[in-house]
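A look at the structure
Residues per chain, in single letters:
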Amino acid sequence: MLFGQQVLKVLLLEGIDAAAITRGNRIIVNGFNEVADHKDIYAIGDIALMQTDKAFPNGHPGVAQVALQQASNLAENFKRMSAKNH
């Protein structure tokens with residue numbers, strides 16, 4: 001930190017627009033954990049910021065239980081998508 005100034009470190013991943021990265025270096029995702037404005041790229045857990053749940057307007061807490069629930073939901077969504085395409 002510089003005197004009187006804050007330095008923001010931003011996580012940049014190749015292929016992910018900087019606009020998809022928000023406070024806390026979290027990646028903005030939709031209700032299906034798909035990265036904002038990036039089709040078929042997904043993020044779960046403490047790196048994902050999902051603001052679609054009115055109970056968590058600042059995103060879900062970055063704890064293991066949330067990551068496990070998101071992983072389970074994403075797996076079920078993938079199964080549905082796969083069944084729909086076959």
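What comes next is a walk through the structure.

The rules we used
- Residues numbered from 1 in each chain as written.
- Predicted model: local features only at pLDDT ≥ 70, side-chain atom pairs only at ≥ 80, totals over all residues.
- Heavy atoms only, no water.
- Core = buried A, V, L, I, M, F, W, Y, C linked by side-chain atoms within 4.5 Å.
- Buried < 20%, exposed > 50% of the residue type's maximum accessible area, 1.4 Å probe, protein only.
- Helix = DSSP H or I, 4+ residues; strand = E, 2+ residues; numbered from the N terminus.
- Contact = heavy atoms within 4.5 Å.
- Pairing = 2+ DSSP bridges.
- 1 Å grid on protein atoms, 1.4 Å probe; cavity = no way out; pocket = protein on both sides within 12 Å on 5 of 7 lines; lining within 4 Å.
- Points joined across faces, edges and corners; volume = space filled by probe spheres on them.
- Nonpolar A, V, L, I, M, F, W, Y, C, P; charged D, E, K, R; others polar.
- Polar contact = N/O pair within 3.5 Å; in protein donor to acceptor, adjacent residues only side chain to side chain.

Among the nonpolar cores identified, the biggest contains 9 residues, and these are I16, A20, I21, I27, V29, V35, A43, A48 and M50. Contributions of two or more residues to this core are made by β2 (26-29) and β3 (48-50). In contact with V35, other than residues within four places in its own chain, are I16, A20, I27, I28, V29, I41, Y42 and A43.

Turning to the sheet that holds strand β1 (residues 21-22), a few remarks are in order. Within a sheet, adjacent strands bond to each other through the backbone by hydrogen bonds, running parallel or antiparallel. The 3 strands lie next to each other as β1-β2-β3, forming an open sheet whose pairing is mixed. At either margin of the open sheet sits one strand with a lone partner, and together these are β1 and β3. Relative to β3, β2 runs parallel, the two being bridged by 3 bridges. When the bridges of β3 are listed, I27 appears paired with A48.

Considering only enclosed or pocket space, the largest pocket measures out at about 180 Å³ in volume. Lining the largest pocket are N30, F32, E34, K39, D40, Y42, L74, N77 and M81. Residues belonging to the lining of the largest pocket are distributed by class as follows: 4 nonpolar, 2 polar and 3 charged.

A separate point is the side chain of R26. Structurally, R26 can be placed in strand β2. A distance of 3.2 Å separates a polar side-chain atom of R26 from the backbone oxygen of D46. There is a polar contact of 2.7 Å between the side chain of R26 and the backbone oxygen of A48. Residues in contact with R26, not counting those within four places in the same chain, are A20, I21, G45, D46, I47, A48, L49, N58 and H60.

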